[in-house]
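Below are the chains, spelled out letter by letter.
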Amino acid sequence: MKKFRGVYLKNEQEIAIMREANKIVSRILDALGREVRPGVQTMFFEELAQNLCAEYKVAPAFQGYQGYPFALCCSVNEEIVHGFPSTRILNEGDIVSFDMGVIHDGFFGDSARTYTVGEISVKAMDLLEVTRNSLLKGIAQAREGNTVQDISRAIQGYVEGKGYNVVKRFVGHGIGRRLHEKPEVPNFVPPGTQEMPLKAGMVLAIEPMVTVGQADVDILADNWTAVTKDRQLSAHFEHTVAVTKNGPEILSVSD
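Residues numbered from 1 in each chain as written. Predicted model: local features only at pLDDT ≥ 70, side-chain atom pairs only at ≥ 80, totals over all residues. Heavy atoms only, no water.

Q: How would you explain helix α1 (residues 12–34) if you had to name every residue and give the values?
A: Taking 1.5 Å of rise per residue, 23 residues should cover 33 Å, and α1 covers 33 Å from first to last C-alpha, within 8% of that figure. Measuring from the side-chain oxygen of the N-cap residue of α1 to the backbone nitrogen of Q13 gives 3.1 Å; that N-cap residue is N11. (Helix = DSSP H or I, 4+ residues; strand = E, 2+ residues; numbered from the N terminus. Expected span 1.5 Å × (residues − 1). Polar contact = N/O pair within 3.5 Å; in protein donor to acceptor, adjacent residues only side chain to side chain.)

In structure tokens:
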């Protein structure tokens, strides 16, 4: 596998495997989303994710990674990311983020979506729309001739222009034979960063996490679940994207 400034460049065969891995992730997220409704325990989604991994003959990417105990990250309302599935019951008006990854033929797939639980507030719906759109703004910049920082600028500029904040504690990343590879893909432009050119063959997990309030983060006693310090709502969307000669290709789609 070729490297450019420490970043692995995937060939067409490797991207084809990653396309399949991410298609499986997308189909699992589709199935989880169909079951989101008031009254469901979040552990139900973990069990469904595990069953679907077995059905697709893939390994859960997150379970055991640095000690994480589940296949699924399930984050509700003020939980930003890395939430534990539990006996918590979803209520009308909640939002719930699922972050899911699999390993298929030695390569990783990774994607996240935030779902509505019944009828939600206008503010929560706007948060989801802004977060989803910020991801698309970032993906549009994932092309040769641009830089990683162009992705970051597009996300940050759009989110802050809408009156929201991006979480800076967590960033996107390269992905391939490892879940987290170079380069980091922040949802903001850190001061003084050197521009990283984008090359065909790079595969990036782009994942804006956006908050209604401030972007400061607390980590709960489980040492994983990240919540907004002010306990205001947060949303999370993620796609795995290949940089190609013809522009960005979203790999984490179902067909």
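Q: An account of the packing of α1 against helix α2 (residues 42–56) is requested, with residue identities and associated values reported.
A: Axis separation between α1 and α2 bottoms out at 10 Å; the angle between their running directions is 140 degrees. Considering how the two elements wind past one another, α1 and α2 form a crossing that is right-handed. Each of I24, R27, I28, A31 and L32 in α1 lies in contact with α2, whose residues at this interface are F45, L48, A49, L52, C53 and Y56. Among the residues forming the contact of α1 with α2, the class breakdown is ten nonpolar, no polar and one charged. (Axes fitted to C-alpha atoms, helices over the stretch in contact; angles between N-to-C directions. Left-handed = near helix turned anticlockwise from the far one by under 90°. Contact = heavy atoms within 4.5 Å. Nonpolar A, V, L, I, M, F, W, Y, C, P; charged D, E, K, R; others polar.)

Q: Give me the lowdown on the sheet that holds strand β5 (residues 79–81), citing residues and values where you can.
A: One open sheet holds the three strands; their spatial order is β5-β14-β13, and the pairing between them is antiparallel. Across the chains shown, the open sheet's two edge strands, defined by having one partner strand only, are β5 and β13 (217–219). Taking the axes of each pair of neighbouring strands and ignoring which way they run, one obtains an average angle of 40 degrees across the sheet. Pairing of β13 with strand β14 (residues 226–228) involves three bridges; the strand directions are antiparallel. Bridged to D218 within β14 is V227. (Pairing = 2+ DSSP bridges.)

Q: Talk me through α2; I want residue IDs and the actual numbers.
A: Across its 15 residues, α2 extends 22 Å between first and last C-alpha, which sits within 8% of the 21 Å expected from 1.5 Å per residue. Among the residues of α2, T42, F45, E46, L48, A49, L52 and C53 are the ones counted as buried. All buried residues of α2 project into a common sector of 165 degrees when viewed along the axis, lining one side. Summarising the geometry of α2, the exposed residues directed more than 90 degrees from the buried face are N51, A54 and E55. At its buried positions, α2 is contacted by α1, β3 (59–60), β4 (72–76) and β6 (95–104). The positive-phi residue at the C-terminal boundary of α2 is K57, with phi of around 60 degrees. (Buried < 20%, exposed > 50% of the residue type's maximum accessible area, 1.4 Å probe, protein only. Arc of directions from axis to C-beta.)

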